[in-house]
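# Examination of the molecular architecture
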Amino acid sequence: MVVYYSVAMKLAIIFSGLFLWVGMFTGVWKYWQIRKSLQARAHYYVDIAHLSSLLYAPASLILAVLAAFSVWSALWNLVFVLLNLFFFSASILSYVLHGFFRDTNNQFKEPHRLGKRILPKSVMTFCMCLLVLSELFATGMLILGTALYLF
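These numbers were taken from a predicted model, which means no experiment stands behind them.

## Looking at the overall build of the protein chain
Looking only at helices and strands, the protein chain features four helices and two strands. Principal axes of the C-alpha set define a box for the protein chain whose edges measure 55 × 35 × 20 Å. Residues classed as buried in the protein chain amount to 37% of the 151 residues present. Sequence separation of at least 24 residues holds for 72% of the intrachain contacts in the protein chain that already meet a minimum separation of 6. With the model as given, the accessible surface of the protein chain reaches about 9700 Å², and the carbon-plus-sulfur share is 73%. Side chains of the protein chain give 11 positive and 4 negative charges; the mean places of these two sets differ by 9 Å.

## Details of the pattern of salt bridges
In the structure shown here, the tally under the stated rule is two salt bridges. With a shortest N-O distance of 2.4 Å, Asp-47 and Lys-30 are connected by a salt bridge. Taken as a pair, Asp-47 in helix H2 (residues 44–69) and Lys-30 in helix H1 (residues 7–36) lie far apart in primary sequence, 17 residues in all. Between Glu-110 and Lys-121 there is a salt bridge, with its nearest N and O atoms 3.4 Å apart. Note that Glu-110 is positioned in the loop between helix H3 (74–101) and strand E1 (112–114) and Lys-121 in helix H4 (residues 121–150), a separation of eleven residues in sequence. Relative accessible area serves as the criterion here: at 48%, Glu-110 is assigned to the partly exposed category.

## Observations regarding the nonpolar core
Residues Phe-19, Leu-63, Ala-67, Val-81, Phe-88 and Leu-142 are the most contacted members of the largest nonpolar core, which totals 18 residues. Of all elements in the fold, only H1, H2, H3 and H4 reach the threshold of two or more residues within this core. When residues no more than four places from it in sequence are discounted, the contact partners of Leu-63 are Ala-12, Val-81, Asn-84, Phe-88, Thr-139 and Leu-142.

## Let's talk about the packing of aromatic side chains
Within the structure shown, the criterion is met by twelve aromatic pairs. The interplanar angle of 45 degrees and the centroid separation of 5.8 Å between the aromatic rings of Phe-69 and Tyr-149 together place this pair among those described as tilted. Residue Phe-69 is found in helix H2, and its partner Tyr-149 is found in helix H4; the two are separated by 80 residues along the sequence. The class of Tyr-149 is exposed, set by a relative accessible area of 52%. Among the aromatic side chains, those forming a connected cluster through ring pairs are Phe-15, Phe-19, Tyr-56 and Phe-88.

## A word on the layout of surface pockets
Taken as a whole, the largest pocket spans an internal volume of roughly 490 Å³. Lining of the largest pocket is provided by 21 residues; of these, Ala-90, Ser-91, Ser-94, Met-124 and Cys-127 occupy positions nearest its centre. Counting only elements with at least two residues in the lining of the largest pocket, the list comes to H3, E1 and H4. With nine residues, the single largest contributor to the lining of the largest pocket is H3.

Cut-offs used in this document
Residues numbered from 1 in each chain as written. Predicted model: local features only at pLDDT ≥ 70, side-chain atom pairs only at ≥ 80, totals over all residues. Heavy atoms only, no water. Helix = DSSP H or I, 4+ residues; strand = E, 2+ residues; numbered from the N terminus. Buried < 20%, exposed > 50% of the residue type's maximum accessible area, 1.4 Å probe, protein only. Contact = heavy atoms within 4.5 Å. Areas by Shrake-Rupley, 256 points an atom, 1.4 Å probe, with all protein chains shown as cover. Lys, Arg positive; Asp, Glu negative; His and termini not counted. Charge placed at Lys NZ, Arg CZ, Asp CG, Glu CD. Salt bridge = Lys/Arg side-chain N within 4 Å of Asp/Glu carboxyl O. Core = buried A, V, L, I, M, F, W, Y, C linked by side-chain atoms within 4.5 Å. Phe/Tyr/Trp six-rings, centres within 6.5 Å; stacked < 30°, edge-to-face > 60°. 1 Å grid on protein atoms, 1.4 Å probe; cavity = no way out; pocket = protein on both sides within 12 Å on 5 of 7 lines; lining within 4 Å. Points joined across faces, edges and corners; volume = space filled by probe spheres on them.

Structure, rendered in structure tokens:
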């Protein structure tokens with residue numbers, strides 16, 4: 001039996017492994033900070049980076065399965081998967097940066113900080129709207145494509 005793996009599936013599976021690996025590295029970082037902390041706690045965003053990486057790993061596998069069953073073309077499935085993987089990666093990166101810089105414990109608190117830089121409120125609003133709309137739309141389309149195939 002020959003099994004066809006689309007590019008969307010392959011990327012989702014590879015990113016699942018990468019997110020798991022980042023989760024392991026940030027887990028070591030979290031442990032190191034806990035050991036050095038008087039309160040026995042890691043920085044808030046180190047903890048979030050660790051947990052989100054571990055949650056995005058199985059989420060990416062779910063995207064691979066949805067892309068495998070979706071009725072949409074390989075190109076559309078790739079677009080839907082890439083939108084999710086991009087924003088998953090960007091989220092983890094922002095958490096890692098906040099953990100590294102120790103610049104905030106709430107990235108939505110104004111002024112929006114990234115290291116020593118202040119981000120305009122409009123940039124944060126635009127990025128969050130784009131993230132929400134992209135992830136909900138792309139995942140919804142993969143679910144719809146899968147439902148159309150299965151039923």
